[in-house]
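# Observations on the three-dimensional arrangement
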Amino acid sequence: VILISNTFRDRNGKVTKHLFDIKNYKDQQDMIMDWVEYVKEMDPDIVIGHNLLGYDLPYINQQLPLHLGRDGSEIQFDEKVSKFRKDGSQQYEYFNARIHGREIIDTLFLSIKFDLGRNFPSYGLKQIEQHLNLVDDSRIDWDFKKYPTSDYMNWPEGKWEEFCDYCRDDADSPLKMFDMMIPPFFYLYVLNRIDYLDV
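No experiment lies behind these values; they were computed from the predicted model shown. (Residues numbered from 1 in each chain as written. Predicted model: local features only at pLDDT ≥ 70, side-chain atom pairs only at ≥ 80, totals over all residues. Heavy atoms only, no water.)

## A look at the overall build of the protein chain
Secondary structure assignment for the protein chain yields six helices and eight strands. Walking the protein chain from its N terminus toward its C terminus, one meets helices and strands in the order β-β-α-β-α-β-β-β-β-β-α-α-α-α. Computed over C-alpha atoms, the radius of gyration of the protein chain comes to 18 Å, within 12% of the 16 Å expected from 2.2 N^0.38 for 199 residues, which places it in the range of a compact globule. Once the C-alpha set of the protein chain is aligned to its principal axes, its extents read approximately 70 × 40 × 40 Å. Across the 199 residues of the protein chain, 38% fall into the buried class. Pairs at least 24 apart in sequence give 59% of the contacts found in the protein chain among residues at least 6 apart. About 12,600 Å² of surface is accessible on the protein chain, with carbon and sulfur atoms providing 49% of the total. (Helix = DSSP H or I, 4+ residues; strand = E, 2+ residues; numbered from the N terminus. Rg over C-alpha atoms; globule rule 2.2 N^0.38 Å. Buried < 20%, exposed > 50% of the residue type's maximum accessible area, 1.4 Å probe, protein only. Contact = heavy atoms within 4.5 Å. Areas by Shrake-Rupley, 256 points an atom, 1.4 Å probe, with all protein chains shown as cover.)

Set out below in structure tokens:
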């Protein structure tokens, strides 16, 4: 873990971006601990990310237990694998997670539910960004084959700063996807929990 990008939007719509940069810390664990404190300080109701349950949260949690709960408790992962079915022939396996006092929304699964006509070229974040025009021409496009993160210490001068700029905006798209995709599911969720009396 060398960078953790965050886009936080409060209840008044104010957006705050924060990038955790490994070069500002003595080690990875120190950076992750600082990120956990930041999450608790910002106190979000919802934690959003793309493939958050399949990769980001379990991977970071392997490096250091994540005490992200509103009561300071550690994130809890199910021991039993969950399966999210894309279609009749493909499914995603993951370990569901819970954070006390917060909801977790994985936009990978949300995008599959949203894409009823199966029009997305793939369910990778970058492909969805481009397909839905969530980014403009000013967005940096990073070449991970030419500049792999495993070799970041040997990048040419200025490349690290460019990569930080790329990652700083990376957390914007899941939030935009959430705004676009969640309403029909949210309304359905609410309507299923209201008692009706027709007179």
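Having put the structure on the table, let's press on.
## Points about the nonpolar core
Grouped together as the largest cluster of nonpolar side chains are 52 residues, with contacts concentrated most on L3, W35, L66, L68, I104, W160 and F163. Considering every element that reaches this core, the biggest residue donor is helix α1 (residues 28–42), with six residues. Every residue in contact with L68, bar those within four places of it in the chain, is listed here: W35, V36, V39, L57, S73, I99 and R102. (Core = buried A, V, L, I, M, F, W, Y, C linked by side-chain atoms within 4.5 Å.)

## Here's the deal with the packing of aromatic side chains
All chains considered together, the criterion is met by 18 aromatic pairs. With a centroid separation of 5.0 Å and an interplanar angle of 35°, the aromatic rings of Y152 and W160 are classed as tilted. For W160, a relative accessible area of 5% gives the class buried. For the pair W155 and W160, a centre-to-centre distance of 5.9 Å together with 40° between the ring planes defines the contact as tilted. Just as W155 is buried, W160 falls in that class too. Members of the aromatic cluster, joined through ring pairs, are W142, F144, Y147, Y152, W155, W160, F163 and Y166. (Phe/Tyr/Trp six-rings, centres within 6.5 Å; stacked < 30°, edge-to-face > 60°.)

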